[in-house]
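For reference, the chains in residue letters:
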Amino acid sequence: MSETTTVPRATAGRGHREGWPHFVLDPAPTAELSDGIAALWADVTNAGGAVGFVPTVTPEDVRPALRQHLVGMAEGTTRLLIGANDRGRPMATAFLQRNTHRLMRHWLSLATVMVHPDWQGRGAGRELMSAAASAARAVDPEVMGIRLTCRGGMGLERFYTSCGYQEVGRVPGAIRVGENDYRDDVTLWLPLG
């Protein structure tokens, strides 16, 4: 893992707004950061966010999934992009996952993309996606694209499309979120020029 890097902000020209997330690639992995991400993940899920769980969850419920990301970070296959407020509280995350397959090392995946409910609808999501594209280039200048998947039926495809992604695949009914409630698994792609 490289040392901590501040990622350029999409709104750099507007200056910093108090309490607004600032984005950092590869923050030091501390117990406090892990607790903050687990709390963020639970808050996003419980507000209806599609981040691998359905409401109602606690931070302890999401810890096994978070642990998988932390293992990837320790192995060097996963990088963390965090958006934190002025007090250091995680307000947004995205995990950049490198491909280990020798024929697919020219692109990476973006996983567990989330913005705290208090910051949704205010532009933080767009800034996170812009910071993720910058972070992908920082991870490896040879990376040619970013792939992400999302749960269909929530309008996420429109958001990601507005951030420059294009839908490239869809598996109908692949995600079961409840009894008789199946959602499409949507794959999107962002080419990096």
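Note that the structure is a prediction, hence the values are computed from the model and not measured. (Residues numbered from 1 in each chain as written. Predicted model: local features only at pLDDT ≥ 70, side-chain atom pairs only at ≥ 80, totals over all residues. Heavy atoms only, no water.)

Trainee: Hey, could you run me through the overall build of the protein chain in this one?
Mentor: Along the protein chain, the regular secondary structure elements total four helices and eight strands. For the protein chain, the α and β elements follow one another from N to C terminus as β-β-α-α-β-β-β-α-β-α-β-β. A compact globule built from 193 residues should have a C-alpha radius of gyration of about 16 Å, and the protein chain, at 16 Å, falls within 12% of that. Principal-axis analysis of the C-alpha atoms gives the protein chain an extent of 45 × 40 × 35 Å. By the burial criterion, 45% of the 193 residues in the protein chain qualify as buried. For the protein chain, restricting intrachain contacts to residue pairs at least 6 apart in sequence, the fraction spanning at least 24 positions comes to 59%. Accessible area for the protein chain stands at about 9900 Å²; split by element, carbon and sulfur atoms hold 50% of it. (Helix = DSSP H or I, 4+ residues; strand = E, 2+ residues; numbered from the N terminus. Rg over C-alpha atoms; globule rule 2.2 N^0.38 Å. Buried < 20%, exposed > 50% of the residue type's maximum accessible area, 1.4 Å probe, protein only. Contact = heavy atoms within 4.5 Å. Areas by Shrake-Rupley, 256 points an atom, 1.4 Å probe, with all protein chains shown as cover.)

Trainee: I keep staring at the layout of surface pockets and nothing clicks. Help me out?
Mentor: Sizing a probe to match a water molecule and rolling it over the atoms shows the empty space that remains. In this structure, the largest pocket encloses a volume near 870 Å³. Every residue lining the largest pocket is counted, 39 residues in all, and those nearest its centre are Ala-50, Val-51, Val-113, Leu-156 and Tyr-160. Residue assignment for the lining of the largest pocket shows that the elements contributing at least two residues are α1 (31–46), β5 (107–115), α3 (124–139), β6 (145–151) and α4 (156–162). Per-element tally for the lining of the largest pocket: the top contributor is β5, with seven residues. Tallied by class, the residues present in the lining of the largest pocket amount to 23 nonpolar, 11 polar and five charged. (1 Å grid on protein atoms, 1.4 Å probe; cavity = no way out; pocket = protein on both sides within 12 Å on 5 of 7 lines; lining within 4 Å. Points joined across faces, edges and corners; volume = space filled by probe spheres on them. Nonpolar A, V, L, I, M, F, W, Y, C, P; charged D, E, K, R; others polar.)

Trainee: What should I look at first to understand the nonpolar core in this one?
Mentor: Generally speaking, soluble globular proteins have nonpolar side chains that are buried together. Counting residues in each nonpolar core, the largest one holds 32 residues, and the members touching the most others are Leu-81, Leu-96, Leu-110, Leu-128, Ile-146, Tyr-160 and Tyr-165. Listing elements by their share of this core, those giving two or more residues are β2 (22–25), β4 (90–98), β5, α3, β6 and β8 (181–191). Top element by residues in this core is α3. It accounts for nine residues. Apart from the residues within four sequence positions on either side, Ile-146 is in contact with Leu-108, Leu-110, Ala-132, Ala-133, Ala-136, Tyr-165, Leu-188, Trp-189, Leu-190 and Leu-192. By size, the runner-up hydrophobic cluster in this structure holds 18 residues, among which are Ile-37, Ala-42, Met-73 and Ile-82. (Core = buried A, V, L, I, M, F, W, Y, C linked by side-chain atoms within 4.5 Å.)

Trainee: I'm lost on the packing of aromatic side chains in this one. Help?
Mentor: In this description, a pair of aromatic rings is defined by centroid distance and the angle of the planes. Tallied over the full model, the rule gives four aromatic pairs. Here Trp-107 and Trp-189 contribute two aromatic rings whose centre-to-centre distance is 6.1 Å and whose plane-to-plane angle is 70°, an arrangement assigned as edge-to-face. With Trp-107 in strand β5 and Trp-189 in strand β8, the pair connects residues that are 82 residues apart, well separated along the chain. A relative accessible area of 9% means that Trp-107 is categorised as buried. Overall, the relative accessible area of 23% leaves Trp-189 in the partly exposed class. (Phe/Tyr/Trp six-rings, centres within 6.5 Å; stacked < 30°, edge-to-face > 60°.)

Trainee: Would you explain the side chain of Arg-151 in this entry?
Mentor: By the element assignment, Arg-151 lies in strand β6. Here Arg-151 is buried and forms no salt bridge, its nearest opposite-charge partner Asp-181 lying at an N-O distance of 7.7 Å. A distance of 3.2 Å separates the side chain of Arg-151 from the backbone oxygen of Phe-53, its partner in a polar contact. Filtering out sequence-adjacent residues up to four positions away, Arg-151 remains in contact with Gly-49, Ala-50, Val-51, Gly-52, Phe-53, Val-54, Leu-156, Glu-157, Ile-175, Val-177, Arg-183 and Asp-184. (Lys, Arg positive; Asp, Glu negative; His and termini not counted. Salt bridge = Lys/Arg side-chain N within 4 Å of Asp/Glu carboxyl O. Polar contact = N/O pair within 3.5 Å; in protein donor to acceptor, adjacent residues only side chain to side chain.)

Trainee: Can you walk me through α3 in this structure?
Mentor: Each turn of an α-helix holds 3.6 residues, which means side chains three or four residues apart point in the same direction. Taking 1.5 Å per residue as the helical rise, α3 with its 16 residues ought to reach 22 Å, and the 22 Å between its terminal C-alpha atoms agrees with that figure. Every buried residue of α3 is listed here: Ala-124, Gly-125, Glu-127, Leu-128, Met-129, Ala-131, Ala-132, Ala-133, Ala-135, Ala-136 and Val-139. (Expected span 1.5 Å × (residues − 1).)

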